[in-house]
Amino acid sequence: MGKDDPPPIAAGGGGGADRGAFAFISKGWREVRDSATSDLRLMRARADSVRARADRELEHLLASASALAPSLPPVAAGAPIAEVEFVRNRIQPKIQELRRQYSSRGAPSSPADGGGWPPAPGATSLRVDLSGIAAIRNAIVAAERDGGAEGWSVARWKGDRGEEQRGKEWEVVRMIRSGLKEFERRSLSSDMFAGFRGRGEFVEKFKLSLKSLNKDYRESKEVPPLDLTEILAYLVQQSGPFLDQLGIRRDLCDKLVEMLYSKRNGRLMYHSPSEDRNLAENITEELDLRIARVLESTGYHTDEGFWNDPAKYKISDNRRHVAIVTTASLPWMTGTAINPLFRAAYLARSVKQKVTLVVPWLSKSDQELVYPNNITFSSPEEQETYIRNWLQERLGFEADFKISFYPGKFSKERRSIIPAGDTSQFISSKEADIAILEEPEHLNWYHHGKRWTDKFNHVIGVVHTNYLEYIKREKNGAIQSFLVKHINNWVTRAYCHKVLRLSAATQDLPRSVVCNVHGVNPKFLNIGEKIEADRERGQKVFSKGAYFLGKMVWAKGYRELIDLLSKHKKDLEGFKIDVYGNGEDSEAVQTAARKCDLSINFFRGKDHADDSLHGYKVFINPSVSDVLCTATAEALAMGKFVVCADHPSNEFFKSFPNCLTYKTSEEFVARVKEAMASEPQSLTPEQRYNLSWEAATERFMEYSELDKVLNNTNGHPGRGGKRNKVRKIPLLPKLSDVVDGGLAFAHHCLTGNEILRLATGAIPGTRDYDKQQCMDLNLLPPQVQHPVYGW
């Protein structure tokens, strides 16, 4: 561009290189100098701001001291008035004189004039004059020497403070004196910067002294930072959702967290064997508290999690609301129809809560497929009357709870009822407090609506069915069961706070515990008592042999029953069994029994409490797909023998003497012969109580933590107790909460796509309820309730 290039540097010449190096060093020095200058300016600006605030606080102190003297009562005014007069007459003039001296040298005289005491820009040789400070110090010492206890002590200061204040030095004067001494010590240097620094530190210390007068001010304690092992332990603990989805067992995660946390700061912790049971829970609490304290020391605070909905039910009448949502209803005689009904009745006996039972409503065409004996209903009110009459015949008290219906459709392939639309919308927001989801995975497979844990304060899931065992029997069962296992993990983690599994035969789900929370219909216990009374009078109570009762589908144990009887036909020669049941596989089951030439008599399904069934002595249940067979519990309550497999689903019944379990087919034969040749033992009162719904309700309240929730009157369950004290400390949103919210959001998006719903086996049109269901339940059409606006 018309400019000559610089001459090249000759090889071996040093002049050009020296000049280049010098320019480089000079440029670097200028940059460092400019940066340091800007930093100093910033520091001075901040110091000016701090000094200005210190001036305002000092003036406020002096003004307060001046205003205090006239307001003191005559009796108690002796010592305080002397102190106030000293501050006003001796200290304030000295401080004003000190300001005038600095103002005469170029500094502003007050914060209003320019920001406090710093020297003016032109005052380059300003030195600190300590005469004013020395005068203040001498005045304080002289006043303390002359006044003694009357000048600086509050020994005679009477009133609300009491006699324990006697002999203590006035805190304000002591802090001022210590601050002045520190100021004088640091101001020995005569150069300008040292004087500036000395004044700055004095002001800072004086400000801290003033802040310490506030009763609410507390000095924060030193909290050591987190070390690497603590961070890793917390990450592993919070990564539980990911590890669980990958199939890694929770006990392995707990062991890893324990190992990492016990080695923090290079220290290895040892625990006694007696502490091993609660070790994982204790470590979790300690780690949460440790993280919370570190975050508290930084000043970070969050009230709610990332996905939480602040709009929650609040208690208005000191009574909680419990909504029990189930997947079946009477007259379908299945466990998910009967057990939630009894749970609602027994929970409603307490005055602490109101109960609503939410059951599916089926159209006429589906009712004909599901309900036995051609029973159908033309309206929900008619079905509700049937349900209440059936329950009233079996209870000894009036069940005061509400029944609500949600639209559902029957799936022939899955042989179950699938909800249509958003089930949660059929519980009003005024009653959305506690939700009990009977079969939570079933209810939420295709749930496209509001998240349960957002609408309700506490959500409990009760797992009834071993779906994985059923699916394994179908075509491509291994692949399907693998997918369903992870989907069940997904939906229960996203929609439940606590999960109860009736037995260990079910899938191990997140936040789950194993406990039988089902009881026996009181009618069966009454039948058992009657049979026992007849036996004591010498009557023959069991005139029949063995029977089996259950829905006639292969998965209910019919395949196992036919295989056992056909394999040991000779060993059980002359043995006959009566089978009662209806179902989709009725024809196939009867055909298989005839082909094997088995002595099985088939009858239509009956209520287990029917009089015609009382005379049977032995109930045989070879099913290994059940979670907790209700018919087994009912047979035990009636005083019968029960022959069942040694399986986790029967673990609860093994403590009863009339329960005979077997592991092999040979043991099955031996147990059947033993039962047919002997008489059942009488149940003890304790055994009868363990089978009752009163005991089941107590177990439910304990294991679901519902008793703690009901006793929490804040309307926010899950925030009391030992662990929840930690959550009151400022804490980051828990990673598990964020993951659960993300899983719920992803599930909501996927279930909103009709193509994906159909690909996973959903019934067409179940994302919303149809026109017929709107008419039956008096609902507005979905497009009216959830309009889509557009141009």
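It should be noted that the structure appears before, not after, this text.
Note that the coordinates shown come from a computational prediction; the quantities given were computed from them, not determined experimentally. (Residues numbered from 1 in each chain as written. Predicted model: local features only at pLDDT ≥ 70, side-chain atom pairs only at ≥ 80, totals over all residues. Heavy atoms only, no water.)

Student: Mind showing me how you'd approach the overall build of the protein chain here?
Tutor: On a plain count of helices and strands, the protein chain comes out with 31 helices and 14 strands. The proportion of buried residues among the 791 residues of the protein chain is 48%. Accessible surface for the protein chain amounts to roughly 42,000 Å². Of this, 54% is attributable to carbon and sulfur atoms. (Helix = DSSP H or I, 4+ residues; strand = E, 2+ residues; numbered from the N terminus. Buried < 20%, exposed > 50% of the residue type's maximum accessible area, 1.4 Å probe, protein only. Areas by Shrake-Rupley, 256 points an atom, 1.4 Å probe, with all protein chains shown as cover.)

Student: So what exactly am I meant to see when it comes to the pattern of salt bridges here?
Tutor: Oppositely charged side chains can form a pair if their charged atoms are brought close together. One pass over the structure, following the stated rule, counts 21 salt bridges. In this structure, Arg501 engages Asp508 in a salt bridge whose closest nitrogen and oxygen atoms are separated by 3.4 Å. With relative accessibility at 7%, the residue Arg501 sits in the buried group. Classification of Asp508 by relative accessible area gives partly exposed; the value is 46%. In this structure, Asp534 engages Arg537 in a salt bridge whose closest nitrogen and oxygen atoms are separated by 2.2 Å. When its relative accessible area of 11% is taken as the criterion, Asp534 is described as buried. Overlapping salt bridges bring together Asp646, Glu651, Lys654 and Lys663 as one network. (Salt bridge = Lys/Arg side-chain N within 4 Å of Asp/Glu carboxyl O.)

Student: I keep staring at the packing of helix H12 (residues 335-347) against helix H14 (residues 380-392) and nothing clicks. Help me out?
Tutor: Helix-helix packing is characterised by the crossing angle of the two axes and by the distance between the axes. For the pair H12 and H14, the least separation of the axes is 12 Å and the interaxial angle reads 75 degrees. As judged from the angle between their axes, H12 and H14 are roughly perpendicular. In this structure, H12 uses Ile338, Leu341, Phe342 and Ala345 to contact H14, whose residues at the interface are Ile387, Trp390 and Leu391. Considered class by class, the residues forming the contact of H12 with H14 number seven nonpolar, no polar and no charged. (Axes fitted to C-alpha atoms, helices over the stretch in contact; angles between N-to-C directions. Parallel < 35°, antiparallel > 145°, perpendicular 65-115°, else oblique. Contact = heavy atoms within 4.5 Å. Nonpolar A, V, L, I, M, F, W, Y, C, P; charged D, E, K, R; others polar.)

Student: Just checking my understanding: could you explain the nonpolar core for this structure?
Tutor: One recurring pattern in soluble globular proteins is that nonpolar side chains are buried together. One finds Leu391, Phe401, Leu565, Ile577, Ile620, Phe668 and Phe700 to be the most contacted residues of the largest nonpolar core, which totals 135 residues. Take this core: its biggest share by element is eight residues, from H12. With residues up to four places along the chain from it excluded, the contact list for Ile577 reads Ala546, Tyr547, Phe548, Leu561, Leu565, Ser599, Ile600, Asn601 and Ile620. If you look at the next biggest cluster of nonpolar residues, it comprises eleven residues, including Leu243, Cys253, Val257 and Leu287. (Core = buried A, V, L, I, M, F, W, Y, C linked by side-chain atoms within 4.5 Å.)

Student: Teacher, can you tell me more about the sheet that holds strand E12 (residues 616-621) here?
Tutor: The strands making up a sheet are joined through hydrogen bonds of the backbone, oriented either antiparallel or parallel. Read across the open sheet, the six strands follow the order E11-E10-E9-E12-E13-E14; overall the sheet is parallel. Each edge of the open sheet is held by one strand with a lone partner, namely strand E11 (600-603) and strand E14 (659-662). Shown here is a sheet whose adjacent strand axes are inclined to one another by a mean of 25 degrees, direction ignored. Here three bridges tie strand E9 (residues 544-549) to E12, and the two strands are oriented parallel to one another. (Pairing = 2+ DSSP bridges.)

Student: What is the right way to look at a nonpolar patch on the surface in this model?
Tutor: Judged by side-chain polarity, Leu228, Ile231, Leu232 and Leu235 come together as a nonpolar surface patch covering roughly 360 Å² of accessible area. Looking at the element boundaries, Ile231 is found in helix H8 (residues 228-238). (Patch = residues over 30% accessible without salt bridge, like charges linked within 9 Å, V, L, I, M, F, W, Y side chains within 5 Å.)

Student: I keep staring at the packing of H12 against helix H25 (residues 693-703) and nothing clicks. Help me out?
Tutor: Running from N to C, H12 and H25 point in directions that differ by 85 degrees, and their axes come no closer than 10 Å. Taken together, the axes of H12 and H25 are roughly perpendicular relative to one another. On the side of H12, the interface is formed by Asn339, Phe342, Arg343, Tyr346 and Leu347, while H25 contributes Trp693, Glu694, Thr697, Phe700 and Met701. Residue composition of the contact of H12 with H25, grouped by class: six nonpolar, two polar and two charged.

Student: Can you help me understand unusual backbone geometry in this one?
Tutor: The phi angle of most residues is negative, glycine excepted, and most peptide bonds adopt the trans form. Look at the link from Leu330 to Pro331: it is a cis peptide, with omega at 15 degrees. Within the secondary structure layout, Pro331 lies in the loop between strand E1 (320-325) and H12. Positive phi, normally seen in glycine, also occurs at Asn373, with a value near 55 degrees. With respect to the element layout, Asn373 can be found in the loop between helix H13 (364-370) and H14. The phi torsion at Asn374 lies on the positive side, around 60 degrees, for a residue other than glycine. Inspection of the secondary structure puts Asn374 in the loop between H13 and H14. Among the residues examined, Asn374 registers a relative accessible area of 74% and is labelled exposed.

Student: What is the right way to look at the packing of aromatic side chains in this model?
Tutor: What describes a pair of aromatic rings is the distance from one ring centre to the other and the angle between the planes of the rings. What the rule picks out here adds up to 20 aromatic pairs. Relative to Phe377, the ring of Tyr371 lies with its centre 6.0 Å away and its plane at 70 degrees, an arrangement referred to as edge-to-face. Members of the aromatic cluster, each reached through a chain of ring pairs, are Tyr547, Phe548, Tyr558, Tyr580, Phe603, Tyr616 and Phe619. Cation over ring: Arg349 sits above Phe397, and NZ or CZ is 4.2 Å from the ring centre. (Phe/Tyr/Trp six-rings, centres within 6.5 Å; stacked < 30°, edge-to-face > 60°. Lys NZ or Arg CZ within 6 Å of the ring centre and 35° of its normal.)

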